[in-house]
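Single-letter residue listing:
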Amino acid sequence: MDNRVETMYEKLGISKEVFEFGRKIEEELKPRFQKMDEIAEYNQLKVLHAMQDNRVNESCFHYASGYGYNDQGRDTLEQVYASVFHTEAALVRPQITCGTHALALALSANLRPEDELLSPVGKPYDTLEEVIGIRKSKGSLAEYGITYRQVELLDDGYFDYPAIREAINERTKLVTIQRSKGYQTRPSYSVEKIGELISFIKGIKPDVICMVDNCYGEFVETIEPSDVGADMIVGSLIKNPGGGLAPIGGYIAGKEELIENCAYRLTSPGLGKEVGASLGVMQSFYQGFFLAPTVVSSAVKGAVFAAKIYETLGYRVIPDGTEERHDIIQAVELGTPEGVIAFCQGIQAAAPVDSYVTPEPWAMPGYDSDVIMAAGAFVQGSSIELSADGPIKPPYAVYFQGGLTWPHAKLGILKSLQGVIDAGIIGKERLR
Ligand SMILES: *Cc1c(COP(=O)(O)O)cnc(C)c1O
């Protein structure tokens, strides 16, 4: 290796031992990285093909204001999303403020009083608890007379088919399936597994709407849940499909009628997709979507690199260093508060923005323990950018994700390791 690179690492605070250890791990991962490059290549071509097919042109990036009638850039982008995800339609808007908003929109637009919502995959993402009304909240689905049922997962983290069959009834209107484990300990699901679950459900009740929370999953594989029977897929643009460039936004892609319902709910009955000016964000939406396949691939490489590093050092990592990936999240159980803090401070120190800030654990609203968060992002809260957070409670795990480029993800992880070593949590001799 060119020792100018080593010198740069040294300038960025990486010791020779850590650098060498990282190099060894990276070498072992070469065959896996090659597979990830192949996925990125396929997905890049898929996005490019969709952009060409839909005749994306320079005027798509023009500023649109006011009502946004005939906002051609916006309308074309929605066709591009629909082409990539192989759906009839899509809604991709800066007016959808985040992933939770997109999910809340998809649910409230397609459920009516007395309908029932079913999660066959256990507890949904934390923020959805208030949306559904599992935790009481203003304007929840529960307040509108929409009931909710949940089927717990089996001990292996997979689907309890007999219980799911039992849970489906004449009021079951919509089934929500979360692809990524998020910050739980169950596995993230492959698109193939999600397809099996959808087939099973449709076999019992063909007209039930199957929605997939696709957050953190886009472009990790070469197919998406919409390729295996999902009627709607939903996600955030400050995660995977925004490619790090989208400054805000969410998307819903799926059947024409369902997307129309979403548009009517987002703007107003009668207006639907026709209004909602894009206010100059289109260029970043297009360019971010164009970059997303390689950005996601960098993030996945970072996740696997971290898994392999910490696993080699004897820590429990989820998923482990050999498992196939279905999302970009990596959990590392450091086992002590000091470990979690040192790890997160290392990630922060590697950031392009706010690298000089030292994050500390604090009592965040909505959490039942102190949490430490590392994020030095160009877009606030963007989790396709390298970021980590760790609740200060057993098993003292950090969850980290993102990395717009592989070299940055790599530096971040080496910096976390350096932090853990400098704090005396791992002895230097263990790197040999
Ligand atoms: C991030 C995430 C959400 C919520 O998205 P926000 O943009 O944070 O509101 C929902 N579900 C999953 C699985 C997520 O990862």
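Located above this text is the structure these notes cover.
Residues numbered from 1 in each chain as written. Predicted model: local features only at pLDDT ≥ 70, side-chain atom pairs only at ≥ 80, totals over all residues. Heavy atoms only, no water.

## Regarding empty space enclosed by the protein
Thought 1: Applying the stated criterion to the full structure yields 1 cavity of 30 Å³ or more.
Thought 2: Counted as a void, the largest cavity has a volume near 40 Å³.
Thought 3: Lining the largest cavity are Ser119, Val121, Gly122, Lys123, Pro124, Leu128, Thr176, Ile177, Gln178 and Asp213.
Thought 4: The dominant element in the lining of the largest cavity, judged by the number of residues it contributes, is strand E4 (residues 172–178), at 3 residues.
Thought 5: Residue composition of the lining of the largest cavity, by class: 4 nonpolar, 4 polar and 2 charged. (1 Å grid on protein atoms, 1.4 Å probe; cavity = no way out; pocket = protein on both sides within 12 Å on 5 of 7 lines; lining within 4 Å. Points joined across faces, edges and corners; volume = space filled by probe spheres on them. Helix = DSSP H or I, 4+ residues; strand = E, 2+ residues; numbered from the N terminus. Nonpolar A, V, L, I, M, F, W, Y, C, P; charged D, E, K, R; others polar.)

## A few points about the pairing of strand E6 (residues 232–236)
Thought 1: Burial within E6 is extensive, with 5 of its 5 residues counted as buried.
Thought 2: Of the two faces of E6, the one lined by Met232, Val234 and Ser236 and the one lined by Ile233 and Gly235 are each fully buried.
Thought 3: Relative to E6, strand E5 (residues 209–213) runs parallel, the two being bridged by 3 bridges. Its bridge partner being in E6, Asp213 is matched across the sheet by Val234.
Thought 4: By the bridge criterion, 5 bridges tie E6 to strand E7 (residues 250–254) in an arrangement that is antiparallel. Pairing of Gly235 across the sheet is with Tyr251, part of E7. (Buried < 20%, exposed > 50% of the residue type's maximum accessible area, 1.4 Å probe, protein only. Pairing = 2+ DSSP bridges.)

## Overview of the sheet that holds strand E2 (residues 116–119)
Within a sheet, adjacent strands bond to each other through the backbone by hydrogen bonds, running parallel or antiparallel.
Thought 1: The mixed open sheet is built from 7 strands, whose spatial order is E1-E7-E6-E5-E4-E2-E3. Taken across any chain shown, the strands that pair with only one partner, and hence form the sheet edges, are strand E1 (89–93) and strand E3 (147–150). The average angle at which neighbouring strand axes cross in this sheet is 20°, direction not considered.
Thought 2: In terms of strand pairing, E4 meets E5 through 5 bridges, oriented parallel. Paired with Leu174 across the strands is Ile209, a residue of E5.
Thought 3: Lying on the sheet, helix H7 (residues 191–204) is in contact with E4 and E5; it crosses E5 at an angle near 160°. (Axes fitted to C-alpha atoms, helices over the stretch in contact; angles between N-to-C directions. Contact = heavy atoms within 4.5 Å.)

## Here we look at the site of the ligand
Thought 1: Around the ligand, the structure places Cys98, Gly99, Thr100, Leu103, Tyr125, Gln178, Asp213, Cys215, Tyr216, Ser236 and Lys239.
Thought 2: Between the ligand and the protein, one listed contact pairs an oxygen atom with a backbone N or O atom of Gly99 at 2.8 Å.
Thought 3: Thr100 places a side-chain nitrogen or oxygen 2.5 Å from an oxygen atom of the ligand.
Thought 4: Protein contacts shield 89% of the accessible area of the ligand, which totals 380 Å² for the unbound molecule.
Thought 5: The cavity that encloses the ligand is the largest pocket.
Thought 6: Tallying contributions element by element places helix H4 (residues 99–110) first for the shell around the ligand, with 3 residues.
Thought 7: A breakdown of the residues in the shell around the ligand according to their chemical character gives 5 nonpolar, 4 polar and 2 charged. (Near = heavy atom within 4 Å. Polar contact = N/O pair within 3.5 Å; in protein donor to acceptor, adjacent residues only side chain to side chain. Areas by Shrake-Rupley, 256 points an atom, 1.4 Å probe, with all protein chains shown as cover. Sits in = over half its atoms within 2 Å of the grid points.)

## Details of the environment of Glu224
Thought 1: Position of Glu224 among the secondary structure elements: in the loop between E5 and E6.
Thought 2: Accessibility expressed as a relative area gives 0% for Glu224, which makes it buried.
Thought 3: The spacing of Glu224 and Leu128 is 96 residues in sequence and 22 Å in space, taken between C-alpha atoms.
Thought 4: Discounting chain neighbours no more than four positions away, the residues touching Glu224 are Lys46, Phe85, Arg179, Val191, Asn214, Gly217, Glu218 and Phe219.

## Looking at the layout of surface pockets
Thought 1: Of the pockets and cavities examined, the largest pocket occupies roughly 1400 Å³.
Thought 2: Every residue lining the largest pocket is counted, 48 residues in all, and those nearest its centre are Tyr125, Tyr183, Tyr367, Met373 and Asp389.
Thought 3: Looking at the lining of the largest pocket, the elements with two or more residues in it are H4, strand E10 (371–375), strand E11 (387–391) and strand E12 (397–401).
Thought 4: In terms of residue class, the lining of the largest pocket is made up of 21 nonpolar, 18 polar and 9 charged.
Thought 5: By volume, the second largest pocket is sized at about 270 Å³.
Thought 6: If you trace the second largest pocket, you find 15 residues lining it, with Lys35, Met36, Ile39, Glu324 and Arg325 closest to the centre.
Thought 7: Listed by contribution, the elements that provide at least two residues to the lining of the second largest pocket are helix H2 (16–53) and helix H9 (282–312).
Thought 8: It is H2 that provides the largest number of residues to the lining of the second largest pocket, a total of 5 residues.
Thought 9: When the residues that make up the lining of the second largest pocket are grouped by side-chain class, the tally is 7 nonpolar, 2 polar and 6 charged.

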